[in-house]
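What follows is each chain in one-letter form.
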Amino acid sequence: MAQYIFRRVISLIPILIVVAVVDFIIIHLTPGDPAAVMLGSEATETDLANLREQLGLNLPIYIQFGKWILGVLQGDLGRSIFINMPVTQAIWQHLGPTISLTLLAEIIAVLFAIPLGVMAATHRGTWSDQSFMMIALLGISIPSFWLGLNFILLFAVKLNWLPAAGYQPLSNGLVNHLKYLILPAISLGIMQGALIARMTRSSMLEVLNENYILTAEAKGLSQRVVIYKHALKNAFIPILTVIGLTFATLIGGAVVTETVFNIPGIGKLIVNSVLRRDYVVIQGTVLMIAVAYVLINLFVDILYAYIDPRVRYDGKA
Amino acid sequence: MSKRNWCIVLIAIVMLVFLAGCSTSSSGTSDGKEKNELRVALSANPPTLDLHRTTASVSQQIAFHMFESLVTLDKDYKVVPMLAEKIEISPDEKTITFPLRKDVTFHNGKVLNAEDVVASINRWRKFSSAGRSTLSQAMVSAKDEHTAVITLPQPSSAVLPALANTSQGCVIMPKEVIEEAGDNNVTQYVGTGPFQFGEWKQDQYIHLKKFANYKPLPGEPNGMAGKHEALVDDLYFIPVADAATRVAGIQSGEYDVADDIPYDNYDILKNDSNLVLTVAKPFCENIIIFNTKSEVFSNVKVRQAVNAALDLDAIMKAATGNPDFYEIDPGLMFKEQAWYVDIGKDKYNQKNLALAKKLLDEAGYNGQPVKLQVTRDYEYLYKSAVVVKDQLEKIGMKVDLEVYDWPTLLSKRKDEKAWDMSMTFLTIFVEPTQTLYLDSRFNWGGWYHNPEMDKLLDEIRATNDFDKAKKIFEQVQSLSLDDAPIAKLGNMHGLIAQRKYVKGFHFFKILSLTNVSVK
């Protein structure tokens, strides 16, 4: 196992190099000028030229890349042109809201998706199974921003139960923290939940036809024990894969939801940085997301072995 | 009911109780709030709060609560003292003396002195185009601790308006803060205004706190001049890029003031008894810049043809959807300004397709495609552009609409080969010589250059006799309509929403929360 983890960590290096190079090239190929954004649309060409020189934006692109990559190798992702702080600090500041939102969305998704998926599988072909399939399809199809806007209209504008947008850190109290996150988390969680629920159903259906389930039932074990102890545990690996993937997607992909609900997370940082062409922040954040994605997948792989003793990666099994 | 179903019902009840407990309403003001703060939703994130370094209007909206300038604008857009006690102009009009108010302290406790003023003006004139154009040859000095002096090589009427302008405003900061910043943006926001800097949580809010030692000017508020006070303890400026979220936030009470409300929401919001709407005017003018270096638009007759063809009512109606939000006016300056003249109105909003076609023929235009740049980041510009394209195609022009995001458009506009026409908006210029597209030495936009225009603008700058300057300005406006460096589409107003308990809100040039209370 240790060897496997070591190999995976080493394999991160070429992935991250490719991400860094592609990331840098794409961003710098995109037209746009940070100096023009910073100075405003009424700035004159003289002012723009002066600022570009001051920021080093007039240097040849390979020199800019060299300087950046050298910094990255020393753990320095650079300094934001606009927000006047190191990129690592900017990412750290924006990470909290994204982690909270992602965790809550994932908890909501898992809490609803797994029982519903199991129920649909155990009631295969009945009206409840068909309704579940329809709801899951709807959940996958509805864009989270549309759902979010409608939640805002209903729960914030009409009922005035929850705030329309914004964010309060956990340090301001759990209820305060949750009341700002619950709507975006539900609108994000529904789509992810629908994916997990469909995977739970199909995976359970496969397992429920296995001989050892029939044996367990023949032994007179209760339905609950058969389903949750024997069937679900064995059906869990593909479900876990989907949970891991959705979690990784949410870390970097809650961009629209964060914008609609005005949550100052990583997604918002990326959008704002793209809009103002804050190159170093975009580069650093994309690199960080790539690292997170790979690490989450690594973590999921390790969990496989924990859940299913048949899975061994060190070649001894 | 089975045990499992009971569990589901129980979870649902707990969630409902939680949601009800999260209800945002509390007690206090007329619609249920008790607070001494204002939460203001803005449509953009400021690039910086260092006003010497940016023309971005969102930066002005926030920073002018913290910073003040030597002189400012009254409600008639006349320059009046602010941090200066008075303005003394020597008989030869080459020396402007500013005795400073002695009761002014910076937010860091330091008393304002002339050295701070000299350092601020020197920094401002280094970075701002208005500063360079008016003060590049001037000497700025401290006569004594409380008197700053500007000595000019020749008289200029443009200096005071430039010092009073809000765009890239010449705000006064402590000398030490300026020295520490060097050529970089200042990192300490220390001014003399009614609010002081609290905290900038990136992408969350900018918090300003009431400055307890602020000494307001006596008298009534008068434009940006007169008495301005902080009537609440805290201001939170919250960047909310999504317009639908801003609207929902002001409706739900999450925000107390919301800027840049889409016009489409006007009818819904005006019927909301919890809200008051402010139509902000004068606000900005929408224009098409012509690239005078392009193959087609280097010919003045083509530019005149476009101006002759356009039906501006249709364009502005498409942009705003409501005649309450625009006015069609030929003036280079706004009606509210003393400089306003309507010279040349017969050449404006002509809707004369026959004349336009004739001018195109005379110009030798033979149907080559022209590129019209626009962005959807400002939807009203895009809507205008669609109508402009349609109208120009009626006179036989072939128009390619090129839609970019705003930073890309700004970047492409610097490339003279990349565009022919570009849609944009301009905020209020305090006096005519600041008009970016007229003076070739600003090197802005479409590179319009007419030595005669530059000469007229210099003549305005060279006199302190307003009546004489205004006569010259009439020639400027007339020449501008003849040369057509731009097509002015119309003046557009802004729409700002406030909760009903927000009292004393006013709009003058920028959104201001001074003299605003929560009752």
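What you see is a predicted model, and the numbers here were worked out from it, not measured in a lab.

Quick notes on the rules
- Residues numbered from 1 in each chain as written.
- Chains lettered and ligands numbered in written order.
- Predicted model: local features only at pLDDT ≥ 70, side-chain atom pairs only at ≥ 80, totals over all residues.
- Heavy atoms only, no water.
- Core = buried A, V, L, I, M, F, W, Y, C linked by side-chain atoms within 4.5 Å.
- Buried < 20%, exposed > 50% of the residue type's maximum accessible area, 1.4 Å probe, protein only.
- Helix = DSSP H or I, 4+ residues; strand = E, 2+ residues; numbered from the N terminus.
- Contact = heavy atoms within 4.5 Å.
- Buried area = accessible area lost by both parts, 1.4 Å probe.
- Salt bridge = Lys/Arg side-chain N within 4 Å of Asp/Glu carboxyl O.
- Polar contact = N/O pair within 3.5 Å; in protein donor to acceptor, adjacent residues only side chain to side chain.
- Nonpolar A, V, L, I, M, F, W, Y, C, P; charged D, E, K, R; others polar.
- Phe/Tyr/Trp six-rings, centres within 6.5 Å; stacked < 30°, edge-to-face > 60°.
- Lys NZ or Arg CZ within 6 Å of the ring centre and 35° of its normal.
- Arc of directions from axis to C-beta.
- Pairing = 2+ DSSP bridges.
- Axes fitted to C-alpha atoms, helices over the stretch in contact; angles between N-to-C directions.
- Parallel < 35°, antiparallel > 145°, perpendicular 65-115°, else oblique.
- Left-handed = near helix turned anticlockwise from the far one by under 90°.
- 1 Å grid on protein atoms, 1.4 Å probe; cavity = no way out; pocket = protein on both sides within 12 Å on 5 of 7 lines; lining within 4 Å.
- Points joined across faces, edges and corners; volume = space filled by probe spheres on them.
- pLDDT = per-residue confidence, 0-100.

A. Spotlight on the nonpolar core. Residues and elements named next belong to chain B. Counting 77 residues, the largest nonpolar core has Leu70, Ile121, Ile150, Leu163 and Leu513 as its most contacted members. By residue number, the principal contributor to this core is helix α3 (residues 114-127), which donates six residues. Contacts of Leu513, omitting those with residues within four sequence positions, involve Leu38, Val40, His65, Phe195, Leu235, Phe237, Val257 and Phe505. Residues Leu312, Met316, Val370 and Met423 belong to the second largest nonpolar core, which totals 71 residues.

B. Summary view of the interface of chain A and chain B. Listed per partner, the contact involves 52 residues of chain A and 54 residues of chain B. Buried area between chain A and chain B, both sides added, is near 4600 Å², and the carbon and sulfur share of it is 53%. Applying the counting rule to chain A against chain B returns one salt bridge. In this structure, the salt-bridge partner of Arg277(A) is Asp405(B), at a minimum N-O distance of 2.9 Å. At the boundary of chain A with chain B, the tally comes to seven residue pairs in polar contact (both at pLDDT 80 or more). Counting only elements with at least two residues in the side of chain A that touches chain B, the list comes to α2 (34-39), α3 (45-55), α5 (87-122), α7 (144-158), α8 (174-208), α11 (255-260) and α12 (266-275) of chain A. Residue composition of the side of chain A that touches chain B, by class: 30 nonpolar, 13 polar and nine charged.

C. Up close: unusual backbone geometry. Residues and elements named next belong to chain B. Of note, the bond from Lys281 into Pro282 is cis; its omega dihedral lies within 30 degrees of zero at -10°. For Pro282, the location among the structural elements is in strand β12 (residues 275-290). Here the phi dihedral of Gln168 falls at roughly 50°; this positive angle occurs in a residue that is not glycine. The topology assignment puts Gln168 in the loop between α5 (159-164) and α6 (175-181). The class for Gln168 is buried, based on a relative accessible area of 5%. Backbone geometry at Ala484 places phi at a positive 50°, although glycine is not the residue there.

D. Here's a closer look at the packing of aromatic side chains. Residue and element names in this part refer to chain B. Summed over the entire model, instances satisfying the criterion amount to 21 aromatic pairs over all chains. Measuring from centroid to centroid gives 6.4 Å for Tyr189 and Trp200, while their planes differ by 45°, and the two rings are tilted. With Tyr189 in the loop between α6 and β8 (195-201) and Trp200 in strand β8, the pair connects residues that are eleven residues apart, well separated along the chain. Pair check on accessibility: Tyr189 and Trp200 agree, each one buried. Taking the centre distance of 5.0 Å and the plane angle of 90° together, the rings of Tyr266 and Phe325 count as edge-to-face. Placement of Tyr266 in helix α8 (residues 266-270) and of Phe325 in the loop between α10 (312-320) and β13 (326-327) is noted, with a sequence separation of 59 residues between them. Accessibility assignment for this pair places Tyr266 and Phe325 in one class, buried. Put simply, the rings of Tyr378, Tyr380, Trp406 and Phe425 pair up and form one aromatic cluster. One residue, Arg53, lies across the ring of Phe127, its end atom 3.8 Å from the ring centre.

E. How the structure looks around α10(B). Residue and element names in this part refer to chain B. Of the residues making up α10, those classed as buried are Leu312, Ile315, Met316, Ala319 and Thr320. For α10, the angular spread of buried residues about the axis comes to 110°, placing them on one side. Of the surrounding elements, those touching the buried residues of α10 are β12, β13, α12 (379-394) and β17 (486-499). With a side-chain oxygen positioned 3.3 Å from the backbone nitrogen of Asp313, the residue opening α10 is Asp311.

F. Broad picture of the pairing of strand β6 (residues 139-144) of chain B. All names here are of chain B. Of the pairings in the sheet, the one linking β6 to strand β7 (residues 147-151) comprises five bridges and is antiparallel in character. Residue Val140 lies in a different strand from β7, and its bridge partner there is Ile150. If you look at the hairpin formed by β6 and β7, you'll find two residues sitting between the two strands.

G. Spatial organisation of the packing of α5(A) against helix α6 (residues 127-141) of chain A. Residue and element names in this part refer to chain A. It is the contact of α5 with α6, at a shortest axis distance of 8 Å, that shows an interaxial angle of 135°. Judged on the interaxial angle alone, α6 and α5 are oblique. As for how α5 packs across α6, the hand of that crossing is left-handed. Contacts between α5 and α6 involve Leu116, Gly117, Met119 and Ala120 from the former and Ser128, Asp129 and Phe132 from the latter. Classifying every residue of the contact of α5 with α6 gives four nonpolar, two polar and one charged.

H. Inspection of helix α9 (residues 300-309) of chain B at higher detail. All names here are of chain B. Within α9, seven of the ten residues are buried, which leaves the element mostly enclosed by the surrounding structure. Burial in α9 covers these residues: Val302, Arg303, Ala305, Val306, Asn307, Ala308 and Ala309. Looking at the buried positions of α9, the neighbouring elements they touch are β12, α11 (353-363), α12, α15 (466-483) and β17. For α9, the N-terminal cap is Asn299; the gap from its side-chain oxygen to the backbone nitrogen of Lys301 is 2.9 Å.

I. Summary view of the sheet that holds β7(B). All names here are of chain B. Judged by pairing direction, the sheet is antiparallel, and its four strands sit side by side in the order β4-β5-β7-β6 without closing on themselves. Across the chains shown, the open sheet's two edge strands, defined by having one partner strand only, are β4 (88-89) and β6. In this sheet, β7 lies alongside strand β5 (residues 95-99) in antiparallel orientation, the contact comprising five bridges. By the bridge assignment for β7, Thr97 is matched with Val149. Where α3 meets the sheet, it contacts β6 and β7, and its direction lies at approximately 175° from that of β6.

J. How the structure looks around empty space enclosed by the protein. All names here are of chain B. Taken as a whole and judged by the stated rule, the model has eight cavities of 30 Å³ or more. Approximately 240 Å³ is the volume found for the largest cavity. Where the lining of the largest cavity is concerned, the elements lending two or more residues are β19 (506-508) and β20 (510-512). Residues of the lining of the largest cavity, tallied by class, amount to nine nonpolar, eight polar and one charged. Of the voids in this model, the second largest cavity is the one considered here, and its volume is about 130 Å³.

K. Looking closely at the pattern of salt bridges. Residue and element names in this part refer to chain B. Taken as a whole and assessed by the stated rule, the structure comprises 33 salt bridges over all chains. For Arg461, the salt bridge identified is with Asp439, shortest N-O distance 2.8 Å. Taken as a pair, Arg461 in helix α14 (residues 451-461) and Asp439 in the loop between β16 (421-427) and α14 lie far apart in primary sequence, 22 residues in all. Given a relative accessible area of 9%, Arg461 falls into the buried group. Put simply, Lys471 and Glu474 hold a salt bridge, and the shortest N to O gap is 4.0 Å. Linking Lys471 with Glu474, this pair stays in helix α15, spanning three residues, or about one helical turn. For Glu474, a relative accessible area of 23% gives the class partly exposed.

L. Main features of the confidence of the model for chain A. On average, residues of chain A score 84 in pLDDT, and 96% of them are at 70 or above. Summarising per-element confidence for chain A, the mean pLDDT is lowest in α2(A) (78) and highest in α7(A) (91).

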